[in-house]
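Now for the letters of each chain:
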There are 2 protein chains.
Amino acid sequence: MFNSDDARWMARALELARLGRFTTSPNPSVGCVIVHNGTLVGEGYHQQAGGPHAEVFALRQAGEAAKGATAYVTLEPCSHHGRTPPCAQGLIDAGVARVVAASVDPNPRVAGRGLAMLTDAGIKADAGLMSEAAEAVNTGFMHRMRTGLPFVTVKLAASLDGRTALANGESKWITGPAARRDVQRHRALSCAILSGADTVLADDASLNVRWGELPESVQTEYEQSRLRQPLRVIIDTRNRLHPGLKLFGLPGTILLLRGRASGDFGEQVEECVLPLADNGRLDLPLLLAELGRRQINHLWVEAGARLCGALMRAALVDELVLYQAPKLMGEAARGLFDLPELTAMDQIPQLEWRDCRRVGTDLKLTARVKN
Amino acid sequence: MFNSDDARWMARALELARLGRFTTSPNPSVGCVIVHNGTLVGEGYHQQAGGPHAEVFALRQAGEAAKGATAYVTLEPCSHHGRTPPCAQGLIDAGVARVVAASVDPNPRVAGRGLAMLTDAGIKADAGLMSEAAEAVNTGFMHRMRTGLPFVTVKLAASLDGRTALANGESKWITGPAARRDVQRHRALSCAILSGADTVLADDASLNVRWGELPESVQTEYEQSRLRQPLRVIIDTRNRLHPGLKLFGLPGTILLLRGRASGDFGEQVEECVLPLADNGRLDLPLLLAELGRRQINHLWVEAGARLCGALMRAALVDELVLYQAPKLMGEAARGLFDLPELTAMDQIPQLEWRDCRRVGTDLKLTARVKN
């Protein structure tokens, strides 16, 4: 069905798709390459919601050369009228002969209809080439389309012996500057950052993206003028946060989950009162559903052991990213997850390692929760 | 001083040296390659203490072809009469024209004298080619020669959140079979295994090398008939261990550090009473010095948080090997190191990551203590 030239062009389309990762949400990041008789005639990628889709840029560049060409797209072309007309129709109108898609769009409004439109118009349309790589470009979007919930990554920073702070709360800095820059990159890739009042109060944390602290590799592919702040979602059910905190003076929207609305904050802060769960704590599944409804694809969590533990217990975590410093903090220091005391090894939460690499002087370990 | 051919032959010599790693201690593992006019004419490696050195095997194979040849040895040829005559003299007698050594022997009885003997005999002798790789083959030997103490590697097995056992002591199995096989390999490479009575009692632990559980890659380079058991060093200052434990019924010598000698054990168990330190605990620096005196090059530690913490506090640890399972055990579970409560981040022990890799379903992380 696919040959090695197909793979080569799709790899290029994926490269293009990745260029949109910092700016396309809540839309997926998509790349498109148009090839005529073995020659690249057009390429493009989706840059931001409301702007043209990847196929539009690529077709525009290809012009007449699109006739009889093959279009490589990292995601099935859309079939519905959203903020832009359906791309499947655009490919038909341009007269392409073949469309290769990396993945089928799980968006219920598409879900194979784009490919069907093409086939109905007599275009050879296949999907599934390099689908794993394509999925990885849009982990959050794909997940939200399938489940209605954001993809949840919990960020952890700990010593070799799994401690996040000394007993007195001191934790600056466990990890080195390279790890902290990598965290900035993850924040920039996320639609929202979730944290708790404890974390905000402990460090007067900003939880924002700071251009100057992004890794250089990001600065070359993400224009400063396009810098976006992820929505900051802060759990403050006991109304302990006050407008004087650094967080509230910085650009970007904040969703503040409180016991009762105070009206103390400026217009960029939305105070939201959600019903509490039976245990008197915030109903986390409800919160995640609300974030899904707000089109949050990827949620990045930076929180203490209590919130991280509660998310794990509620089975709301999809991925852990652990920055591990080559340091020892000892038994008295604080741990990563508050979990109920377990008495048998077969009860403990199981994950799967996905990646391990060095980031400066630290290690970055990534694990996925098993489905 | 060295060219790319030199590097190629030294790489072969290092390959040979590694074949001795399971059997040469307390001697170093050494490989030798003899090359005449670009052709390999002899090679060999040291197989066990008391047996011929690498140079002897290689010269024997080379015969007359050694005349005018270059000898590549991973460690400076010895200059002293030990259990075998000095290899430097053997190389001189054979008429080699040039000797390239990867590393200088830090053994105070050699320490450059082997190279000097060669030079004095008119042979071109250089050292330092691929010295880092050569050092890594004999980490323990090199360390003991320089410091008088064994090189100490502490093995740890923990969950992603740094826990070694549930609060009730349950810990079978945190890590998977591949990690456990890798531990067998490390035990086989060690001269001695250090553990404490707690660990022995908790699991009725054997702490031995079991041929059938070694990784396949080891089984191909280490003959079963040569299988050796490292000395097992068990700290039992409160005389809690009894002869009925599994450990005492298995082949291999045991050094039992006790409060008082009991005479209860068989002849393969040496009860040893060491003076206690001021805190009423075993004087660990004294123990390590004693193990150095007994020619223990590499000490592999499998112990609980108390002994691991005590070794760290006494600055006796050189390396940590952490097998980390993708599991969460929570705050109530047991930690890795008992350390005094610290109050500032600049007081905590600092290490350096050396390696991270996957071993089956787990990660294996290696860190060195900074000097």
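Residues numbered from 1 in each chain as written. Chains lettered and ligands numbered in written order. Predicted model: local features only at pLDDT ≥ 70, side-chain atom pairs only at ≥ 80, totals over all residues. Heavy atoms only, no water.

- The name that an unreviewed UniProt entry assigns to chain A is Riboflavin biosynthesis protein RibD, with the source organism given as Oceanisphaera arctica.
- Database annotation for chain A, UniProt heading Function (unreviewed entry): "Converts 2,5-diamino-6-(ribosylamino)-4(3h)-pyrimidinone 5'-phosphate into 5-amino-6-(ribosylamino)-2,4(1h,3h)-pyrimidinedione 5'-phosphate." (UniProt positions renumbered as here; feature names shortened; annotations may be inferred.)

**Notes on the interface of chain B and chain A**
Part 1 of the argument: In this assembly, 51 residues from chain B lie in contact with 51 residues from chain A.
Part 2 of the argument: The contact between chain B and chain A buries some 4,100 Å² in all, and 67% of this surface belongs to carbon and sulfur atoms.
Part 3 of the argument: Per-residue buried area on chain B facing chain A is highest for L328, M345 and W353 of chain B; these three make up 21% of the total on that side.
Part 4 of the argument: Summed over the shared surface of chain B and chain A, the number is zero salt bridges.
Part 5 of the argument: The interface formed by chain B and chain A includes 14 residue pairs in polar contact (both at pLDDT 80 or more).
Part 6 of the argument: When contributions to the side of chain B that touches chain A are tallied by element, the ones reaching two or more residues are α11 (305–313), β12 (319–325), β13 (351–359) and β14 (362–369) of chain B.
Part 7 of the argument: The biggest single contributor to the side of chain B that touches chain A is β13 of chain B, with seven residues.
Part 8 of the argument: Class assignment for the residues of the side of chain B that touches chain A results in 29 nonpolar, nine polar and 13 charged. (Contact = heavy atoms within 4.5 Å. Buried area = accessible area lost by both parts, 1.4 Å probe. Salt bridge = Lys/Arg side-chain N within 4 Å of Asp/Glu carboxyl O. Polar contact = N/O pair within 3.5 Å; in protein donor to acceptor, adjacent residues only side chain to side chain. Helix = DSSP H or I, 4+ residues; strand = E, 2+ residues; numbered from the N terminus. Nonpolar A, V, L, I, M, F, W, Y, C, P; charged D, E, K, R; others polar.)

**What about the side chain of E55 of chain B?**
Residue and element names in this part refer to chain B.
Part 1 of the argument: Note on placement: E55 falls in helix α2 (residues 54–62).
Part 2 of the argument: The charged side chain of E55 is buried without a salt bridge, its nearest counter-charge being R60 at 11 Å.
Part 3 of the argument: Those residues in contact with E55 that sit more than four places away from it in its chain are C32, V73, L75, P77, C87 and L91. (Buried < 20%, exposed > 50% of the residue type's maximum accessible area, 1.4 Å probe, protein only. Lys, Arg positive; Asp, Glu negative; His and termini not counted.)

**Some words on the UniProt feature "binding site: Zn(2+)" (unreviewed entry) in chain A**
Residue and element names in this part refer to chain A.
Part 1 of the argument: With numbering matched to this structure, UniProt assigns "binding site: Zn(2+)" (unreviewed entry) to H53, C78 and C87. Spanning 35 residues, the named residues form one tight spatial group whose C-alpha atoms are at most 9.2 Å apart.
Part 2 of the argument: Inspection of the secondary structure assignment puts C78 in the loop between β3 (70–75) and α3 (87–94).
Part 3 of the argument: Note on C78: relative accessible area 8%, which makes it buried.
Part 4 of the argument: Those residues within four positions of C78 in sequence are excluded, and the remaining contacts are H53, P85, P86, C87, A88 and V110.

**Comments concerning the sheet that holds strand β14 (residues 362–369) of chain A**
Note: strands within a sheet are paired through backbone hydrogen bonds, in either parallel or antiparallel orientation.
All names here are of chain A.
Part 1 of the argument: The nine strands lie next to each other as β10-β9-β8-β7-β11-β6-β12-β14-β13, forming an open sheet whose pairing is mixed. Because the sheet does not close on itself, it has two edges, and the strands there are β10 (269–272) and β13 (351–359). Each adjacent strand pair in this sheet contributes to an overall mean axis angle of 20°, direction not counted.
Part 2 of the argument: Where strand β6 (residues 151–159) and strand β11 (residues 298–302) come together, five bridges link them in parallel fashion. Following the sheet pairing, V152 is matched in β11 by L299.
Part 3 of the argument: Sheet strands touched by helix α7 (residues 177–189): β6, β7 (192–196), β11, β12 (319–325), β13 and β14. Its angle to β11, the strand with the most contacts, is close to 145°.
Part 4 of the argument: Sitting on the sheet, helix α10 (residues 284–293) touches β6, β7, β8 (231–236), β9 (254–258) and β11, and the angle it makes with β8 is about 160°. (Pairing = 2+ DSSP bridges. Axes fitted to C-alpha atoms, helices over the stretch in contact; angles between N-to-C directions.)

**Here we look at the packing of aromatic side chains**
Part 1 of the argument: Applying the stated criterion across every chain, the model contains six aromatic pairs over all chains.
Part 2 of the argument: Both rings, one in W211 of chain A and one in Y222 of chain A, keep their centres 5.8 Å apart while their planes meet at 65°; by these two values the pair is edge-to-face. Separated by 11 residues along the polypeptide, W211 of chain A in the loop between α8 (197–203) and α9 (216–221) and Y222 of chain A in the loop between α9 and β8 bring together distant segments of the chain. Of the two residues, W211 of chain A and Y222 of chain A, both sit in the buried class.
Part 3 of the argument: A centroid spacing of 4.6 Å and a plane angle of 50° characterise the contact between F248 of chain A and F265 of chain A, whose relative ring orientation is tilted. In this pair, F248 of chain A is assigned in the loop between β8 and β9 and F265 of chain A in the loop between β9 and β10, connecting sequence segments 17 residues apart. Grouping residues by exposure puts F248 of chain A and F265 of chain A together as buried.
Part 4 of the argument: These aromatic residues form a ring-pair network of at least three members: F22, W211 and Y222 of chain A.
Part 5 of the argument: Its guanidinium or amino end placed over the ring of W9 of chain B, R8 of chain B lies 4.4 Å from that ring's centre, counting from NZ or CZ. (Phe/Tyr/Trp six-rings, centres within 6.5 Å; stacked < 30°, edge-to-face > 60°. Lys NZ or Arg CZ within 6 Å of the ring centre and 35° of its normal.)

**Observations concerning the relation of the copies chain B and chain A**
Part 1 of the argument: Overlaying chain B with chain A gives an RMSD of 0.0 Å, the required rotation being 180° about an axis along which the chain moves by 0.0 Å. Look at the turn and shift together and you get a two-fold axis relating the two. Proximity to the rotation axis, assessed at the C-alpha, singles out G162 of chain B in chain B; its C-alpha lies 2.1 Å from the axis.
Part 2 of the argument: Both copies present the same face, since 100% of the interface residues in chain B are matched by interface residues at the equivalent positions in chain A. (Least-squares fit on C-alpha atoms with pLDDT ≥ 70 in both.)

**Details of the domain arrangement of chain A**
All names here are of chain A.
Part 1 of the argument: Under the domain assignment, chain A is made up of domain 1 (4–137) and domain 2 (148–369).
Part 2 of the argument: Distance between the C-alpha centres of domain 1 and domain 2: 34 Å.
Part 3 of the argument: Across the boundary between the two partners, domain 1 contributes 10 residues, which contact 11 residues of domain 2.
Part 4 of the argument: Both faces considered, domain 1 and domain 2 share a buried interface measuring about 1,100 Å² in area, 49% of it formed by carbon and sulfur atoms.
Part 5 of the argument: One salt bridge connects E221 with R21, and the closest N-O pair in it is separated by 3.5 Å.
Part 6 of the argument: One can count six residue pairs in polar contact (both at pLDDT 80 or more) joining domain 1 with domain 2.
Part 7 of the argument: Residue composition of the side of domain 1 that touches domain 2, by class: three nonpolar, five polar and two charged. (Domains from an automatic or database assignment.)

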